[in-house]
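# Coordinate inspection notes
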Amino acid sequence: MANVPRDLKYTREHEWAKPESDRVRVGITAYAQEQLGDVVFVELPKVGAKLTAAKNFGVVESVKAVSDLFAPVSGEVAEVNGELTQKPETVNQDPYGKGWMIVVKPSSKAEWDQLLTAQQYEEYLAQGGH
Amino acid sequence: MSATTLKRTPLHQAHVKAGARMVPFGGWDMPVQYTGIVEEHRTVRSAVGLFDVSHMGEFEVEGPGALAALQHLTTNDVAALQVGQIQYSLLCYPNGTIVDDLTVYRVSDDRYMLTVNAGNIDKDWAHVTQSTEHARDVKDARWRNASEGTGLIAVQGPKAEALVGRLADRDVTAIGYYRFARGTLSDVPTLISRTGYTGEDGFELYAPADRTERLWTELVSAGRADGVAPIGLGARDTLRLEMKYVLYGNDIDETTNALEAGLGWVVKPAKGDFIGREALEKVRAAGVQRKLIGLEMTERAVARHGYPVQKDGRAVGIVTSGSYGPSVDKYIAMAYVETALAGIGTELAVEIRGQAKAARVVKTPFHPSRVKKA
């Protein structure tokens, strides 16, 4: 079973969201990177970009596949992990750590409660993850 | 296509047991990767990898009319082929576009074997048997589809010769590039062919289907000290892309002609008539409208099959294959572009998700070939 940290929330598109005071750090899950295989390219928004929950905010590409990234919450991009441009494989090596993608300043608190808990995400994966 | 209707090679169980990720490919359930595409790619460049290519098709043609049949069907000059030699070639339609690319083996004086792409077996079989049945001088050619009874393992990489040599009952170092010999490997009767699809030295080993798993197991254990690993279709694709080897269905197909694909070196009109000759002679005289070239992305982005190629905002071509090339550590692609823009160094762009990303026409292969020469 894929690693699903308890302190994070999740989307059905396999992003994780981590609360950090008034911000949310976002990446893709261990399950997602494993399904993708070797990540060779990551395209992320610029700092200041406005995101809408459940809408596409970037792209992650493996050798074989192109996958859209979906915003867990609406808000403004406060930080972008620029390291991933040169080292996209970090997403495979450390999906919940150095492989983080963006930090968002959320515009609404209500959306947070819509996200899956670790337990709900695990159940979702157990049912096939799609 | 549902999983239950997919065909399986004799090594299917071995792949599943090894933890391979299986995907549908050309009607077959095939391993796309075992540990990871990039790692497998590097294993082939630095050590040795084993590929299950049993899904490929083998046809045999035999008899006093076999040579005439093949001269009629294929674009290369089969008369130049000696016993024990192999020739890369094409089957074309009358309009010069491509039915399939293939290798032709001269097994004995009037006996040949053709190796064709897995997804094209049925189409090719219909083509070779129907296209020759009305020709006057090819009556004495008997065709046999040996695809089901034949397994095929490619052993590729700088340590391939040592590994195959260790198991073979004959000196494999004496087998030159695009030549073959019969032998036994670990008691399995094998046709040992010095060919491949990776740009590395290596062999393709044809064995009876019911002995192929034995051969695979022996190669895995005998190659342990060489760092041998099974390699999936994912790495097979990045390896061939770095060499600019064409893949049927991606870079060549029923809409591309042999000359624009850069395969004019296997089109030999001087040998006499063949299917597609007249059309290809016209194309050659007029000059090709577009050319298959190698692109390097100068702006970070992955070009993929079907993405448009632009010059100053104008559509000038289309990407046929593209990926990250692990050995060149760049994003590379193959594309058809207008002939005037095919020169090395031409600055172009690939349209990726609505944005023009800079690319340049570069010399190919992208990675130096290390196949054994003569």
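Residues numbered from 1 in each chain as written. Chains lettered and ligands numbered in written order. Predicted model: local features only at pLDDT ≥ 70, side-chain atom pairs only at ≥ 80, totals over all residues.

The next subject is the overall build of chain B. Scanning chain B from terminus to terminus reveals eight helices and 19 strands. For 374 residues, the compact-globule estimate of 2.2 N^0.38 gives 21 Å, and the C-alpha radius of gyration of chain B, at 21 Å, lies within 12% of that figure. Relative to its full complement of 374 residues, chain B shows a buried share of 51%. The long-range fraction of contacts in chain B, counting pairs at least 24 apart against all pairs at least 6 apart in sequence, stands at 67%. (Helix = DSSP H or I, 4+ residues; strand = E, 2+ residues; numbered from the N terminus. Rg over C-alpha atoms; globule rule 2.2 N^0.38 Å. Buried ≥ 20, exposed ≤ 12 C-beta atoms within 10 Å, placed from the backbone. Contact = placed C-beta atoms within 7 Å.)

Before going further, it helps to spend a moment on the overall build of chain A. Regarding its fold elements, chain A presents five helices and nine strands. Overall, chain A shows an N-to-C arrangement of helices and strands of β-β-β-α-β-β-β-β-β-α-α-β-α-α. Rg of the C-alpha trace for chain A: 13 Å, near the compact-globule value of 14 Å for 130 residues, within the 12% margin. Projecting the C-alpha coordinates of chain A onto the three principal axes gives extents of approximately 35 × 35 × 20 Å. Residues classed as buried in chain A amount to 44% of the 130 residues present.

If you look at the interface, chain A gives eight residues, while chain B gives twelve residues. Taken together, the residues of the side of chain A that touches chain B break down into three nonpolar, two polar and three charged. (Nonpolar A, V, L, I, M, F, W, Y, C, P; charged D, E, K, R; others polar.)

Before going further, it helps to examine the nonpolar core. Residue and element names in this part refer to chain B. Counting residues in each nonpolar core, the largest one holds 140 residues, and the members touching the most others are Ile153, Val155, Leu205, Leu295, Ala303 and Val350. Counting residues per element, this core draws most heavily on strand E17 (residues 330–338), which supplies seven residues. If sequence neighbours within four positions are ignored, Val155 has contacts with Val48, Leu50, Ala160, Leu163, Val164, Gly202, Phe203, Leu205 and Leu219. (Core = buried A, V, L, I, M, F, W, Y, C linked by C-beta atoms within 7 Å.)

Here we take up the packing of helix H2 (residues 37–46) of chain B against helix H7 (residues 233–242) of chain B. All names here are of chain B. Between H2 and H7, whose axes approach to 8 Å, the crossing angle comes to 60°. Accordingly, the angle class assigned to the pair H2 and H7 is oblique. The chirality of how H2 crosses H7 is right-handed. On H7, the residues touching Ile37, Glu40, His41 and Val44 of H2 are Gly234, Ala235, Thr238 and Leu239. Its residues placed into classes, the contact of H2 with H7 shows four nonpolar, three polar and one charged. (Axes fitted to C-alpha atoms, helices over the stretch in contact; angles between N-to-C directions. Parallel < 35°, antiparallel > 145°, perpendicular 65-115°, else oblique. Left-handed = near helix turned anticlockwise from the far one by under 90°.)

Turning our eyes to something else, we now look at the pairing of strand E3 (residues 49–52) of chain B. All names here are of chain B. Alternating residues of E3 divide into Gly49 and Phe51 and Leu50 and Asp52, and every residue in both groups is buried. Here four bridges tie E3 to strand E9 (residues 150–156), and the two strands are oriented antiparallel to one another. Paired with Gly49 across the strands is Gln156, a residue of E9. As paired strands, E3 and strand E13 (residues 229–230) are joined by two bridges and run parallel to one another. Residue pairing in the sheet places Leu50 in a bridge with Pro230 of E13. (Pairing = 2+ DSSP bridges.)

Next up on the list: the confidence of the model for chain B. Averaged over all residues, the pLDDT of chain B equals 96, while 97% of them reach at least 70. Among the prediction metrics, the complex's ipTM stands at 0.90, with pTM recorded as 0.95. (pLDDT = per-residue confidence, 0-100.)

A few words on the sheet that holds strand E5 (residues 86–92) of chain B. Residues and elements named next belong to chain B. Across the sheet, five strands lie side by side as E5-E6-E7-E4-E8; this open sheet has antiparallel pairing. Looking along the sheet, the strands with just one partner apiece sit at the ends: E5 and strand E8 (142–145). The mean angle between the axes of side-by-side strands here comes to 30°, regardless of whether they run parallel or antiparallel. Relative to strand E7 (residues 111–116), strand E6 (residues 98–108) runs antiparallel, the two being bridged by six bridges. Each bridged residue has a counterpart across the sheet, and for Leu102 the counterpart in E7 is Val116. Contacting strand E4 (57–62), E5, E6 and E7, helix H3 (residues 66–73) crosses the sheet at an angle of about 130° to E4.

Residue and element names in this part refer to chain B. Tracing the sequence through the fold places Glu58 in strand E4. When the 23 C-beta atoms within 10 Å are taken as the criterion, Glu58 is described as buried. Spatially, the C-alpha atom of Glu58 lies 16 Å from that of Ala141, the residues being 83 residues apart in sequence. Once residues lying within four places of it in the same chain are set aside, the contact partners of Glu58 are Met113, Thr115, Ala146, Ser147 and Thr150.

Residues and elements named next belong to chain A. The buried count for strand E6 (residues 56–62) comes to five of seven residues, which makes it a mostly enclosed element. Direction of pairing for E6 relative to strand E7 (residues 66–70): antiparallel, over a ladder of five bridges. What sits directly across from Val60, in E7, is Ser67. The hairpin turn running from E6 into E7, its antiparallel successor, is three residues long.

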